[in-house]
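Residues per chain are reported as follows:
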Amino acid sequence: EIFDSFSKSKKELRKSLNLPQNKKIFIVIGNLIEGKDPQTILSAFEKLNRKDLFLLFLGEGDLLRKCKDMGKDFAEFRG
């Protein structure tokens, strides 16, 4: 059961995880804290200004609200 997702197609997996179907997905895993500096990643993605990219943060921390505000148009955050 734990490996059922490996047998799914990429399209099915993206749908089940509520991820965009036609974008390249970049995933950042870690605490959203000053020491990890997630704002730099968000700033870089913002400067790219590409609609074909999607940024997914997996983590929580003191900077969650600030990061959500910075990436509201191009990133998603999941704890």
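In this text, all values refer to a predicted model and were calculated from it rather than measured experimentally.

Student: What exactly am I supposed to notice about the sheet that holds strand 3 (residues 75-78) here?
Tutor: For sheets, the rule is that strands pair by backbone hydrogen bonds, running either parallel or antiparallel. One open sheet accounts for three strands, arranged 1-2-3; its pairing is parallel. If you trace the sheet from one side to the other, it starts and ends with strand 1 (24-29) and strand 3, each paired once. Strand-to-strand twist of the sheet, defined as the mean angle between neighbouring strand axes without regard to direction, takes the value 20°.

Student: I keep staring at helix 2 (residues 38-48) and nothing clicks. Help me out?
Tutor: Along helix 2, the residues that are buried comprise Pro38, Gln39, Leu42 and Phe45. Looking down the long axis of helix 2, one finds its buried residues gathered within 125° of arc, a one-sided arrangement. Residue Asn49 follows helix 2 closely and has a positive phi angle near 50°.

Student: Even after reading the chapter, I still don't get the environment of Lys72, so can you show me in this structure?
Tutor: Counting through the fold element by element, Lys72 comes out in the loop between helix 3 (64-70) and strand 3. A residue is classified by how much of its surface remains accessible, and Lys72, at 64% relative accessible area, is exposed. Sequence separation between Lys72 and Val28 is 44 residues; the distance between their C-alpha atoms is 16 Å.

Student: What's the story with the packing of aromatic side chains in this structure? I'm lost.
Tutor: Two aromatic rings are characterised by how far apart their centres lie and by the angle between their planes. A complete count under the given rule lists two aromatic pairs for this structure. Centre to centre, the rings of Phe26 and Phe45 are 5.3 Å apart; their planes meet at 75°, and the pair counts as edge-to-face. Of the two residues, Phe26 is situated in strand 1 and Phe45 in helix 2; the sequence distance between them amounts to 19 residues. When the centroid spacing of 5.0 Å and the interplanar angle of 15° are considered together, the rings of Phe57 and Phe77 count as stacked.

Student: Where do I start with the nonpolar core in this structure?
Tutor: Nonpolar side chains in soluble globular proteins tend to end up buried together. Of all hydrophobic cores here, the largest spans 12 residues; its members are Val28, Leu32, Leu42, Phe45, Leu53, Leu55, Phe57, Leu63, Cys67, Phe74, Ala75 and Phe77. When residues of this core are traced back to their parent elements, those giving at least two are helix 2, strand 2 (53-58) and strand 3. For this core, the element with the most residues is strand 2, which contributes three residues. Excluding its chain neighbours within four sequence positions, the residues that come into contact with Phe77 are Leu32, Leu42, Phe57, Leu64, Cys67 and Lys68.

Cut-offs applied
- Residues numbered from 1 in each chain as written.
- Predicted model: local features only at pLDDT ≥ 70, side-chain atom pairs only at ≥ 80, totals over all residues.
- Heavy atoms only, no water.
- Pairing = 2+ DSSP bridges.
- Helix = DSSP H or I, 4+ residues; strand = E, 2+ residues; numbered from the N terminus.
- Axes fitted to C-alpha atoms, helices over the stretch in contact; angles between N-to-C directions.
- Buried < 20%, exposed > 50% of the residue type's maximum accessible area, 1.4 Å probe, protein only.
- Arc of directions from axis to C-beta.
- Phe/Tyr/Trp six-rings, centres within 6.5 Å; stacked < 30°, edge-to-face > 60°.
- Core = buried A, V, L, I, M, F, W, Y, C linked by side-chain atoms within 4.5 Å.
- Contact = heavy atoms within 4.5 Å.

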